[in-house]
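Summary of the model geometry
Letter by letter, the chains look like this.
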Amino acid sequence: MRTHRIRLAAAGLLALAPLLLAGCGSDDPPADTGSDTGSDTSSSASDGGGETTEATITISDFAYGDPLTVAPGTEVTVVNEDPAAHNANDADGAFEEPLISQGESATFTAPEEPGTYDLICTAHEQMSGQLIVEG
Ligand SMILES: [Cu+2]
């Protein structure tokens, strides 16, 4: 009886009444549009899976450490462990921070354009490092 009804609904009202179908047939997967929208929303909302959305550059002994690879738009925190003030600015001005005192930090947003960005410190010409943006 039940099966018969669902079948009838599926055959006759599929195009006309998707709401009715979704309401009574939970064993049917007719909600293609709905589940698509749902997974889209959840994947963009919980973006912590593969891509990095936050990263840290730690400056120590007048060095930036190994080149850091991030996704476009990543929020990058710059931490300074040296007694001397430093920052990690892009040589071409794509991002910059004020000089950071020891134990303090600043943040910048990684560029949207993929590429290798040379890091410079406005206080120390000899410092160099790289931020790699990979989209
Ligand atoms: Cu410096």
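It should be emphasised that the depicted structure is a prediction, and the values quoted were computed from it without experimental measurement.

What follows is about the sheet that holds strand S1 (residues 54-59). Here we have 3 strands laid out as an open sheet, ordered S1-S3-S5, and mixed in their pairing. Both outer strands of the open sheet, S1 and strand S5 (105-109), are each paired with one neighbouring strand and no more. Neighbour-to-neighbour, the strand axes of the sheet open up by a mean angle of 25 degrees, direction not taken into account. Of the pairings in the sheet, the one linking S1 to strand S3 (residues 75-80) comprises 6 bridges and is parallel in character. For Ile57, the partnering residue across the bridge sits in S3 and is Val78.

What follows is about the nonpolar core. Counting 20 residues, the largest nonpolar core has Ile57, Tyr64, Val70 and Leu131 as the members making the most contacts within it. Contributions of two or more residues to this core are made by S1, strand S2 (68-70), S3, S5, strand S6 (115-121) and strand S7 (124-133). Once residues within four sequence positions are removed from consideration, Val70 is found in contact with Ala55, Val76, Ala110, Leu131, Ile132, Val133 and Glu134.

Our next topic: the pairing of S3. Consecutive side chains along a regular strand alternate between the two faces of the sheet. Because side chains alternate across S3, one face comprises the buried residues Val76, Val78 and Asn80, and the other comprises Glu75, Thr77 and Val79, none of which is buried. Sheet analysis places S3 next to S5, joined by 5 bridges and oriented antiparallel. The partner of Val76 across the bridge, within S5, is Phe108.

Now for the environment of Tyr117. One can find Tyr117 in strand S6. Here Tyr117 falls in the buried class, since its relative accessible area comes to 12%. C-alpha of Tyr117 to C-alpha of Leu131: the two residues are 14 residues apart in sequence and 5.1 Å apart in space. Not counting residues within four places of it along the chain, the set of residues in contact with Tyr117 comprises Asp90, Ala94, Phe95, Pro111, Gly129, Gln130, Leu131 and Val133. Polar side-chain contacts of Tyr117 include one of 2.6 Å to the backbone oxygen of Glu113.

Conventions adopted
- Residues numbered from 1 in each chain as written.
- Predicted model: local features only at pLDDT ≥ 70, side-chain atom pairs only at ≥ 80, totals over all residues.
- Heavy atoms only, no water.
- Pairing = 2+ DSSP bridges.
- Helix = DSSP H or I, 4+ residues; strand = E, 2+ residues; numbered from the N terminus.
- Axes fitted to C-alpha atoms, helices over the stretch in contact; angles between N-to-C directions.
- Core = buried A, V, L, I, M, F, W, Y, C linked by side-chain atoms within 4.5 Å.
- Buried < 20%, exposed > 50% of the residue type's maximum accessible area, 1.4 Å probe, protein only.
- Contact = heavy atoms within 4.5 Å.
- Polar contact = N/O pair within 3.5 Å; in protein donor to acceptor, adjacent residues only side chain to side chain.

The values are spatial; any link to function lies outside them.
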